[in-house]
Amino acid sequence: MIPIGRGIKALSIILFVAMATSFCASKNFLVVNYQLPDEPEILREASVALVVKDSREDPAIVTKSAKMALKDFSGNFTLIVAQENKNDRLVGAFGLHSMIKQIFKHRLENAGIQVASGEESRQTVVEIILKTFKLDLVERKWVINMTYQANLLRQNRFIAGETITGSAERLRVVGSKDAEMIVGELITDVVNRLNLSALFK
């Protein structure tokens, strides 16, 4: 018969190993939490078309060191959209291009701007040009950089534009949790920094 003290100690070790294994388990996607802002004013713009273009020089989302740490990451994301005083919404699973489009769609609609479906054409177009998106692991820190240009086009004519860039870093502890947090935090920051009032002036 095993003494109670030794039994509790053995059980604690088993639980610790199980928890560590769970935290270290890799998955092939990253969970991105995007937080919608409180818009300073609601824009009553007619329906617009939303176009996202990928002009990154390097199509890789993560560097070699980041990929080694994330192991099975396939380049896909699970998007969750959060809004104050509302339940978080699980939007779905996307590649980078589709996720960026979904995030800007939610941002525009949150500001009162109706976004037409992909099959519809509109005289007014919001064009998002993704220039940089890279997640890196430098020593023990996750580092991410993102740059994009937002343009407003009316009848194929350039009306206004804004280029926004941002970077962030976070200490890596265990697994991919910190990577997911830094991606969500930076995307929230750079997307919400877009001045829609100035773009649609």
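Analysis parameters
- Residues numbered from 1 in each chain as written.
- Predicted model: local features only at pLDDT ≥ 70, side-chain atom pairs only at ≥ 80, totals over all residues.
- Heavy atoms only, no water.
- Pairing = 2+ DSSP bridges.
- Helix = DSSP H or I, 4+ residues; strand = E, 2+ residues; numbered from the N terminus.
- Axes fitted to C-alpha atoms, helices over the stretch in contact; angles between N-to-C directions.
- Contact = heavy atoms within 4.5 Å.
- Core = buried A, V, L, I, M, F, W, Y, C linked by side-chain atoms within 4.5 Å.
- Buried < 20%, exposed > 50% of the residue type's maximum accessible area, 1.4 Å probe, protein only.

Asker: With reference to specific residues and values, describe the sheet that holds strand S5 (residues 124–138).
Answerer: Strand order in this open sheet of four strands is S2-S5-S6-S7, and the pairing throughout is mixed. The open sheet has two free edges, formed respectively by strand S2 (49–54) and strand S7 (157–171), since each of these has just one partner strand. Across the sheet, the mean angle from the axis of one strand to that of its neighbour is 20°, orientation sign disregarded. Bridge count for strand S6 (residues 141–154) against S7 is 14 bridges, and the pairing is antiparallel. Bridge assignment links arginine 154 to a residue of S7, and that residue is arginine 157. Of the strands in this sheet, S2, S5 and S6 are in contact with helix H3 (residues 96–110), which crosses S2 at around 145°. Helix H4 (residues 177–192) contacts S5, S6 and S7 of the sheet and is inclined by roughly 150° relative to S7.

Asker: Can you break down the nonpolar core residue by residue, with the values?
Answerer: Nonpolar side chains tend toward joint burial in soluble globular proteins. Phe133, Leu135, Tyr148, Ile187 and Phe200 are the most contacted members of the largest nonpolar core, which has 52 residues in total. In terms of residue count, H4 provides more of this core than any other element does, seven residues in total.

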